[in-house]
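The lines below spell out each chain.
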Number of protein chains: 2
Amino acid sequence: MDNFEFFNSTRILFGQGQIAALAQQVPADAKVLIVYGGGSIKKNGVFDQVTAALGNRQWLEFAGIEANPHYETCVEAVKLARREQVDFLLAVGGGSVIDATKFIAAAASHEGDPWEIIATFGGAVTGALPVGCVLTLAATGSEMNQTSVITRASSHDKLFFNSDFVRPVFSILDPATTCSLPVRQVANGVVDSMVHVLEQYVTYPTNAKVQDRFAEGLLATIIEEGPKALSDPDNLEVRANLMWSATMALNGLLATGVPGDWASHLIGQELTALHGLDHGQTLAIMMPAIWTYKFEQKKEKLVQYGQRVWHIQETDQDLIARQAIEKTRAFFEQMGVATRLSAYGLDAAVIPQVVAKLEEHQFVALGEHGDITPSDAAKILELAL
Amino acid sequence: MDNFEFFNSTRILFGQGQIAALAQQVPADAKVLIVYGGGSIKKNGVFDQVTAALGNRQWLEFAGIEANPHYETCVEAVKLARREQVDFLLAVGGGSVIDATKFIAAAASHEGDPWEIIATFGGAVTGALPVGCVLTLAATGSEMNQTSVITRASSHDKLFFNSDFVRPVFSILDPATTCSLPVRQVANGVVDSMVHVLEQYVTYPTNAKVQDRFAEGLLATIIEEGPKALSDPDNLEVRANLMWSATMALNGLLATGVPGDWASHLIGQELTALHGLDHGQTLAIMMPAIWTYKFEQKKEKLVQYGQRVWHIQETDQDLIARQAIEKTRAFFEQMGVATRLSAYGLDAAVIPQVVAKLEEHQFVALGEHGDITPSDAAKILELAL
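Here's a quick rundown of the structure.

So, how was this worked out
- Residues numbered from 1 in each chain as written.
- Chains lettered and ligands numbered in written order.
- Predicted model: local features only at pLDDT ≥ 70, side-chain atom pairs only at ≥ 80, totals over all residues.
- Helix = DSSP H or I, 4+ residues; strand = E, 2+ residues; numbered from the N terminus.
- Rg over C-alpha atoms; globule rule 2.2 N^0.38 Å.
- Contact = placed C-beta atoms within 7 Å.
- Expected span 1.5 Å × (residues − 1).
- Nonpolar A, V, L, I, M, F, W, Y, C, P; charged D, E, K, R; others polar.
- Pairing = 2+ DSSP bridges.
- Core = buried A, V, L, I, M, F, W, Y, C linked by C-beta atoms within 7 Å.
- Buried ≥ 20, exposed ≤ 12 C-beta atoms within 10 Å, placed from the backbone.
- Axes fitted to C-alpha atoms, helices over the stretch in contact; angles between N-to-C directions.
- Least-squares fit on C-alpha atoms with pLDDT ≥ 70 in both.

**A few points about the overall build of chain A**
And step 1. When helices and strands are counted, chain A shows 15 helices and nine strands.
And step 2. Taken against the 2.2 N^0.38 rule, which gives 21 Å for 385 residues, the C-alpha radius of gyration of chain A at 20 Å falls within 12% of a compact globule.
And step 3. Judged by the C-alpha coordinates and their principal axes, chain A covers about 65 × 45 × 45 Å.
And step 4. If you take every contact in chain A between residues at least 6 apart in sequence, the share linking residues at least 24 apart comes to 78%.

**Quick notes on helix H9 (residues 236–249) of chain A**
And step 1. Spanning 14 residues, H9(A) covers 20 Å between terminal C-alpha atoms, matching the ideal 20 Å at 1.5 Å per step.
And step 2. On the buried face of H9(A), the contacting elements are strand E2 (11–14), strand E9 (170–173), helix H7 (183–199) and helix H8 (209–231) of chain A together with helix H8 (209–231) of chain B.

**Digging into the interface of chain A and chain B**
And step 1. Counting residues at the interface gives 33 residues for chain A and 33 residues for chain B.
And step 2. Looking at the side of chain A that touches chain B, the elements that each hand over two or more residues are strand E1 (4–6), E2, H8 and H9 of chain A.
And step 3. Ranked by the residues each element gives to the side of chain A that touches chain B, the list is headed by H8(A), at 10 residues.
And step 4. Split into classes, the residues belonging to the side of chain A that touches chain B amount to 14 nonpolar, 12 polar and seven charged.
And step 5. Note: E1(A) against strand E2 (residues 11–14) of chain B, three bridges, orientation antiparallel. When the bridges of E2(B) are listed, Phe4(A) appears paired with Phe14(B).

**Topic: the nonpolar core**
And step 1. Core analysis: the largest hydrophobic core is formed by 256 residues, its most contacted members being Val35(A), Ile104(A), Val35(B) and Ile104(B).
And step 2. Setting aside anything within four residues of it in sequence, one finds Val35(B) in contact with Phe62(B), Ile65(B), Ala77(B), Leu89(B), Leu90(B), Ala91(B), Val97(B), Ala100(B), Thr101(B) and Ile104(B).

**Describing unusual backbone geometry**
All names here are of chain A.
And step 1. The phi dihedral of Phe121 falls on the positive side, at around 55 degrees, and the residue is not glycine.
And step 2. Of note, Phe121 is situated in the loop between helix H6 (115–119) and strand E6 (131–135).
And step 3. Located in the positive-phi region is Asn207, a residue other than glycine, with phi close to 55 degrees.
And step 4. Considering the arrangement of structural elements, one finds Asn207 in the loop between H7 and H8.

**Regarding the sheet that holds E9(A)**
And step 1. Strands sit in the order E4(A)-E3(A)-E5(A)-E6(A)-E9(A)-E2(A)-E1(B) across an open sheet of seven strands; the sheet is mixed. If you trace the sheet from one side to the other, it starts and ends with strand E4 (58–62) of chain A together with strand E1 (4–6) of chain B, each paired once. The mean angle between the axes of side-by-side strands here comes to 15 degrees, regardless of whether they run parallel or antiparallel.
And step 2. In this structure, strand E5 (residues 88–93) of chain A lies alongside E6(A), joined through five bridges in parallel fashion. Its bridge partner lying in E6(A), Leu90(A) is registered against Gly132(A).

**Regarding the relation of the copies chain A and chain B**
And step 1. Rotating chain A by 180 degrees and translating it 0.0 Å along the rotation axis places it on chain B, where the RMSD comes to 0.0 Å. In short, the pair behaves as if placed about a two-fold rotation axis. Across chain A, the rotation axis passes nearest the C-alpha of Ser9(A), at a separation of 2.2 Å.
And step 2. Of the interface residues in chain A, 100% have counterparts in chain B that sit at the interface too, so the contact is made through matching surfaces.

Here it is, written out as structure tokens:
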């Protein structure tokens, strides 16, 4: 096991009816900016629950955060937060809304060009407004970590930043809020949370037995419950298990003492920024292709994954590893998320575009060994056509 | 899954050489009281590493914390901390030293009789000196939680208290510090951490799939690595996996959304307070007896445990559950921790003593159903003779 540091101070309030706990979690004298997306929370009753729980506190709202939240939109919210002198940000939505709120929180406290926050991967952040979350989609894990991913639409840049200052003070996870989600978002969320686990697990062994077992436990749960969320959408127990899986998948715990890959995320981000694919779609495309390209390096963990998670009974190591890749691809497809570029109308023309963006962003040494160059990425994308 | 709240703000620094990180973690202007036990840290180099990392900070030391730390000893440390106006407490040791330091931290900030802290189970705590830990024994999980167990030797009372104020700010977990431990402490630590998992797992099902998988992952790791810590004591990877297992076993994560039993702990505590048995020994005695007494209520989880952790291939549910109990007992015995009162020279005379203490402490409704009365405890102890 590698040496590590772990810290996570987000308070989690989990379960049906927990939105009412906002009354205790938001400071009584706060002036709150509620940040949300397209307005579904006004139709499904979540917004009403939130404002009821806020009681007599002053609050105002900023709507219209997009999937893959736009820098340009966030900057407008920063202006509102400053003008109105709000002192607490409440994200009500999924990972995009939470990521946007984290950026707004940091930018509201940042002198100078807010793009510096992203250009420095968060290094320029020296403070932030406090952030609380009401999560309505099991997917990104943003509700319990210090990461945010922001897209500058004008330049097709989708980039992340990290800062302990934007870690949510609390997050409320009520699985009932996820029951009315469209199928596509549910399926993308299942793929996203599963890939978060796999990015931290299918690398090379470090004899980190607890972390491996935890990863395998999350994978088993997601594989068991994911399809049920589609076939039995009102099953609250299924939603609860998926919600907690997604949060645990990316709260820092799985990363302790092990290497991380993240090439699927970093190459996939370019596909989203360039062609608007959903985040989950890009992961479903990239991960099987990267595993195929890096087969020898990843074989030992692929075999462990195949045996412990998919219960593959073969004895030949190569066969087990290849079946593990195919079972993963089949699971993504079963969830309705296609795993080939061609299924989204993209062809080899995308390859030089992605390569150029990776070079521009200096993502030139990706993967757990830091050995995936843009020309490797081109070969990986060929495998994903 | 039941509703839950989860919060854990302790920063973990894990791995060989991490004691040096004290230089960054302890405030530069702190006056530090180093709290420790019998002096083994002065022989194995840990004390020297600690003081080297503290650099120019003012520090003093309080030695002599016992296993099952005594209230009377802690009160002396409180006097020293007040007299010397220390403003940071550094526990260097295992769970006993950390528990004592938590109590000292709370009592130093407490007006009035310090026993009130324990008599109110922590409710009387309104503040505490900050606590940091250098852990030297994988066992109790105290390094990442808000609980402390204190023994008043004069009255044979061993009781716990909880307070968020005494949660360690940071804990340093260097597995190398555990290699020189006596076999008995290593074995007790393995039993203790395993029982912590089982107290939160072998209850009744709530369809909390992630929590169950995490519990099973910790159990598998402890069962795999525990015997190696005895046969191959200098194996740092084994020590690292056991150390992280013990911390994860009782940091609040397994407790989320599930019932807890804890009868083995609460009845076992009385055996320690009355007759000086090691904590791990009392758990090894009580848990198989409680499972036998509560067989029908626990059967469903015993079966799951038997199948997933011990890979029992039988089909009869009763047989699987009984084998799970026997395999657990055999594991404790394999670790050198006897599972019968008679092995420690105790007989039925202990039963009325324990019953009287349980009544005195109002522990009259134990277990995950709150239905274990002192007269049930008497029958359980009969099964443990």
